[in-house]
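Spelled out from the first residue to the last, the chains are:
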Amino acid sequence: MIRVQREDFDIGRELKALTAGRTDIGGLASFAGLVRDFVDAGGKKAAIQTMTLEHYPGMTEKMLAEIEAEANKRWPLQASLIIHRFGPLAPGDNIVLVACAAAHREDALQACSFLIDWLKTKAPFWKCEETEDGPQWVAAKASDDDLAARWDEPGARK
Amino acid sequence: MIRVQREDFDIGRELKALTAGRTDIGGLASFAGLVRDFVDAGGKKAAIQTMTLEHYPGMTEKMLAEIEAEANKRWPLQASLIIHRFGPLAPGDNIVLVACAAAHREDALQACSFLIDWLKTKAPFWKCEETEDGPQWVAAKASDDDLAARWDEPGARK
Amino acid sequence: MKVLYFAWLKTRIGTGEEDLTPPAGVANVEQLLDWLATRSPAHEDALKARKLVRVAVNQEFAGPDTAVSANDEVALFPPVTGG
Amino acid sequence: MKVLYFAWLKTRIGTGEEDLTPPAGVANVEQLLDWLATRSPAHEDALKARKLVRVAVNQEFAGPDTAVSANDEVALFPPVTGG
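Residues numbered from 1 in each chain as written. Chains lettered and ligands numbered in written order. Predicted model: local features only at pLDDT ≥ 70, side-chain atom pairs only at ≥ 80, totals over all residues. Heavy atoms only, no water.

Q: Where do I start with the packing of aromatic side chains in this structure?
A: Each aromatic ring pair is specified by the distance between its two centres and by the angle formed by the two planes. Residues and elements named next belong to chain A. Taken as a whole and judged by the stated rule, the model has 20 aromatic pairs over all chains. Aromatic side chains F114 and W118 sit 4.6 Å apart centroid to centroid with 40 degrees between the ring planes, which places their arrangement in the tilted category. Here F114 and its partner W118 are both found in helix α3 (residues 105-122), four residues apart, which amounts to about one turn of the helix. Note on F114: relative accessible area 0%, which makes it buried. The exposure class assigned to W118 is buried, which follows from its relative accessible area of 12%. (Phe/Tyr/Trp six-rings, centres within 6.5 Å; stacked < 30°, edge-to-face > 60°. Helix = DSSP H or I, 4+ residues; strand = E, 2+ residues; numbered from the N terminus. Buried < 20%, exposed > 50% of the residue type's maximum accessible area, 1.4 Å probe, protein only.)

This is the structure:
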């Protein structure tokens, strides 16, 4: 299941819904991304007042569905979930939740890592951080490309 | 924080408590292990009616604290949590919850995998599954040893 | 052709969406970007760092050689930073 | 010496805890297991598959050469299966 929404989500409720009434799930892995209050801006730390997430309606839903489908193709999952927020957010707010349930823990954990790595590099969202120096569009990180590239390596599950 | 308890836990409440009032956390990774209703018993699937978790009071708490400390030594975590239940459990019940919060997602995700891998091979718990064929002590899996051994490899974070 | 701009491309160009009719010679993404850069100083400025401009055609990631035509939705944006 | 048994070692031996005074020659884990196996047919049976018996001395994982003495707490159990 995927959801793109402005409003907050409750991690506990979402995870519970994923496993509710089921007795075939052995493991549930999840990752939640939150807004941090500090950012490395050109080597110095700047306090974030708000962060605004812009996205590309239409393409976002399409990409999230593709990313979720790819995870389900690579690992035997019993349930999966991607929720991504957009709009203005404050430090401490939830940004994204991914979760994977599987009979075996390693499938759930790997698929969960995969979802967030691909989200970071393939989902059309852009973060704009409002610091005391004014608004700054967040630059993409090479480390995110590296983490996503792991899943394309010859040895990676496909 | 570690807890060893007979009673159930609420994943949502535990995760919320870990991040409550904090704005420095960038990512929260968690893994919950649940009782599955089917087990591979000598090649055939057997329905599990109940599972009983025995443990070694005293050594359990000691090992969980050591495992949590090791994760905090290897990764810069802002919060970590291990909750492990003992006693009789039914299919669908929670067994274990591990969670790690960090400024950067990869630290949280890796530490979370590490915690569950080490728990599986170092925490003194034993599962006894009650199937229609009677009670069966679960045998340790070589695959769990392999997963735990990853963290001892020369290239692993230490 | 519907052309969409996101993030700092939108801010610099001053609009998030344009309905355009590119000239006959514009058949792929690279040619479209070349032509868009001629539309105004703001376009030119925004498209200068071409390496930082990603393109989607009909909501699929596209390369410089991807074909574009009149009825397409083409989006220009910086490398994504979600998650 | 307090000797604890868990999981199927407890079931087979028929008790989870014994207070014992091993003879003088028992100075390490291996010697302790050898001696325990002589205590009853149930002990012998439970300790037959020695490769499946793990030992903790004072709540730390121990090997065959780990020293044991009168005031120790020694636990015998199969490979752990928690998590």
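Q: What is the right way to read the pattern of salt bridges from this model?
A: Oppositely charged side chains can pair when the atoms bearing their charge come close. What the rule picks out here adds up to 36 salt bridges over all chains. One salt bridge in this structure joins D117 of chain B and R105 of chain A, with 2.8 Å as the shortest N-O distance. Residue D117 of chain B is found in helix α3 (residues 105-122), and its partner R105 of chain A is found in helix α3; the two belong to separate chains. Neither D117 of chain B nor R105 of chain A differs from the other in exposure class; each is buried. A network of salt bridges, in which partner residues are shared, links R105 and E106 of chain A together with D117, D144 and R150 of chain B. (Salt bridge = Lys/Arg side-chain N within 4 Å of Asp/Glu carboxyl O.)

Q: So what exactly am I meant to see when it comes to the sheet that holds strand β1 (residues 2-5) of chain C here?
A: Strand pairing within a sheet occurs via backbone hydrogen bonds; the two strands may be parallel or antiparallel. The five strands are arranged β2-β1-β5-β3-β4 (chain C) in an open sheet whose pairing can be described as mixed. Of all the strands in the sheet, just β2 (17-19) and β4 (60-62) of chain C have a single pairing partner and so form its edges. Put simply, the sheet's adjacent strands are angled 25 degrees from each other on average, direction ignored. Alignment of β1 of chain C against strand β5 (residues 73-77) of chain C, held across four bridges, turns out to be parallel. Bridge pairing in β5 of chain C places L4 of chain C opposite A75 of chain C. Most of the contacts of helix α2 (residues 59-74) of chain A go to β4 of chain C, to which it runs at about 95 degrees, and overall it touches β3 (54-57), β4 and β5 of chain C. (Pairing = 2+ DSSP bridges. Axes fitted to C-alpha atoms, helices over the stretch in contact; angles between N-to-C directions. Contact = heavy atoms within 4.5 Å.)

Q: Looking at this model, I keep getting lost on the interface of chain C and chain A. Mind explaining?
A: Listed per partner, the contact involves 21 residues of chain C and 25 residues of chain A. In total, chain C and chain A occlude about 1800 Å² of area from one another, counting both sides; carbon and sulfur atoms represent 59% of this. Summed over the three residues of chain C that lose the most area to chain A, namely Q59, T81 and G83 of chain C, the buried surface amounts to 38% of that side. Viewed at the interface, chain A and chain C are joined by two salt bridges. Our count for the contact surface shared by chain C and chain A stands at eleven residue pairs in polar contact (both at pLDDT 80 or more). Of all the secondary-structure elements, those providing two or more residues to the side of chain C that touches chain A are β1, α1 (7-13), β4 and β5 of chain C. Tallied by class, residues from the side of chain C that touches chain A come to twelve nonpolar, six polar and three charged. (Buried area = accessible area lost by both parts, 1.4 Å probe. Polar contact = N/O pair within 3.5 Å; in protein donor to acceptor, adjacent residues only side chain to side chain. Nonpolar A, V, L, I, M, F, W, Y, C, P; charged D, E, K, R; others polar.)

Q: Would you explain unusual backbone geometry in this entry?
A: Most peptide bonds take the trans configuration, and most residues that are not glycine carry a negative phi. Residues and elements named next belong to chain D. For A7, which is not glycine, the phi dihedral falls at a positive 55 degrees. Positionally, A7 belongs in helix α1 (residues 7-13). Backbone geometry places N58, a non-glycine residue, at a positive phi of 50 degrees. For N58, the location among the structural elements is in the loop between β3 (54-57) and β4 (60-62).

Q: Which parts of the structure should I look at to understand the relation of the copies chain B and chain A?
A: Rotating chain B by 180 degrees and translating it 0.0 Å along the rotation axis places it on chain A, where the RMSD comes to 0.0 Å. On this basis, the relationship between the two copies can be described by a two-fold rotation axis. Proximity to the rotation axis, assessed at the C-alpha, singles out G12 of chain B in chain B; its C-alpha lies 1.6 Å from the axis. (Least-squares fit on C-alpha atoms with pLDDT ≥ 70 in both.)

Q: Honestly, the sheet that holds strand β5 (residues 73-77) of chain D in this entry has me stumped. Any pointers?
A: What the five strands build is an open sheet, ordered β2-β1-β5-β3-β4 (chain D); its pairing is mixed. Strands at the two margins of the open sheet, each flanked by one partner only, are β2 (17-19) and β4 of chain D. Averaged over all neighbouring strand pairs, the angle between strand axes comes to 25 degrees, with direction disregarded. Strand contacts of helix α2 (residues 59-74) of chain B: β3, β4 and β5 of chain D, with the helix running at about 95 degrees to β4 of chain D, the strand carrying the most contacts.

Keep in mind that these numbers describe shape and distance, not what the molecule does.
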